[in-house]
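One-letter residues, chain by chain:
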Amino acid sequence: MENEIKNLIVLFPGANYCVSYPLLYYAAFKYEVNGYESIKLNYEICIKEDRSYEENIDIIKKFVLEQVNEIDFSIYKDILFVSKSLGTIIAGWLADMLAINIRQIYLTPVKETLQFLKRGKNIIIVIAGTKDKYLEPDVLKAHCEREQIRLELIEGVGHRLEIFGDMNVNIDILKRVVELY
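Residues numbered from 1 in each chain as written. Predicted model: local features only at pLDDT ≥ 70, side-chain atom pairs only at ≥ 80, totals over all residues. Heavy atoms only, no water.

**Student:** For this particular structure, what's the right way to read the packing of helix 1 (residues 22-33) against helix 5 (residues 167-180)?
**Tutor:** Between helix 1 and helix 5, the least distance of the axes is 10 Å, while the angle of their chain directions is 40 degrees. With respect to each other, helix 1 and helix 5 are oriented oblique. Note that helix 1 runs across helix 5; the crossing there is right-handed. On the side of helix 1, the interface is formed by Pro22, Leu23, Tyr26 and Lys30, while helix 5 contributes Leu174, Val177, Val178 and Glu179. Looking at the contact of helix 1 with helix 5, its residues break down into six nonpolar, no polar and two charged. (Axes fitted to C-alpha atoms, helices over the stretch in contact; angles between N-to-C directions. Helix = DSSP H or I, 4+ residues; strand = E, 2+ residues; numbered from the N terminus. Parallel < 35°, antiparallel > 145°, perpendicular 65-115°, else oblique. Left-handed = near helix turned anticlockwise from the far one by under 90°. Contact = heavy atoms within 4.5 Å. Nonpolar A, V, L, I, M, F, W, Y, C, P; charged D, E, K, R; others polar.)

**Student:** I keep staring at the sheet that holds strand 5 (residues 123-129) and nothing clicks. Help me out?
**Tutor:** The pairing of strands in a sheet comes from backbone hydrogen bonds and takes either a parallel or an antiparallel form. Pairing in this open sheet of six strands is parallel, and the strands run 2-1-3-4-5-6 from one edge to the other. If you trace the sheet from one side to the other, it starts and ends with strand 2 (36-40) and strand 6 (151-154), each paired once. Direction aside, the axes of adjacent strands within the sheet are offset by 15 degrees on average. Pairing analysis gives five bridges linking strand 3 (residues 76-84) to strand 4 (residues 103-107), with the strands arranged parallel. (Pairing = 2+ DSSP bridges.)

**Student:** Would you explain the nonpolar core in this entry?
**Tutor:** Counting 34 residues, the largest nonpolar core has Phe12, Tyr43, Val64, Phe81, Leu117, Val126 and Leu140 as its most contacted members. Among the elements that line this core, the one with the most residues is helix 3 (residues 86-98), at seven residues. Beyond its immediate stretch of four places on either side in the chain, Leu117 contacts Tyr106, Pro109, Ile123, Val126, Leu140, His143, Glu147 and Ile149. Counting residues in hydrophobic clusters, the runner-up holds 25 residues, among them Ile105, Ile127, Ile173 and Leu174. (Core = buried A, V, L, I, M, F, W, Y, C linked by side-chain atoms within 4.5 Å. Buried < 20%, exposed > 50% of the residue type's maximum accessible area, 1.4 Å probe, protein only.)

**Student:** Can you help me understand the layout of surface pockets in this one?
**Tutor:** Empty pockets left among the atoms are what a rolling probe the size of a water molecule brings to light. The space that makes up the largest pocket amounts to roughly 420 Å³. Taken together, 19 residues line the largest pocket, and the ones lying closest to its centre are Ala15, Asn16, Ser85, Tyr134 and His159. Lining of the second largest pocket is provided by 15 residues; of these, Pro22, Glu162, Met167, Asn170 and Ile171 occupy positions nearest its centre. Broken down by secondary-structure element, the contributors of at least two residues to the lining of the second largest pocket are helix 1 and helix 5. (1 Å grid on protein atoms, 1.4 Å probe; cavity = no way out; pocket = protein on both sides within 12 Å on 5 of 7 lines; lining within 4 Å. Points joined across faces, edges and corners; volume = space filled by probe spheres on them.)

Listed below in structure tokens is the structure:
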């Protein structure tokens, strides 16, 4: 089976949102069921409170680059990056660094991610909440419209794409997001 078609999903967590949390867990699950191999990045050890945000980002980039340098991306027909929050910066940057055909799903991007949200970059969708405090929804909406990127804004939810304390609504939101993958 040397010529078997392979596909890959790579998960990029947020600073406080790991790959085992629902949005990323079910992204991997959905694609693994469809035959994708998965890589679940973990760079939590790189984040230190005594460093600036920018310093943490730079250290995470180096850490991730060392990990992915060992991957032969040429063996995959489809490569999908799914990223959340801080991970959207890393996923956008890495896609530019690798300069290969990568599809992207961005969950709750932060303002530093806007530089990577560009027309023609094979972005499937950007998903965020209307109450996200890390990137104003109006700014994100205007940017996505300008770049002709599909944006799904979920009404009434914040950065975690959840409503605190309402399990049934959160399950409905999760189901909706997973359907958009």
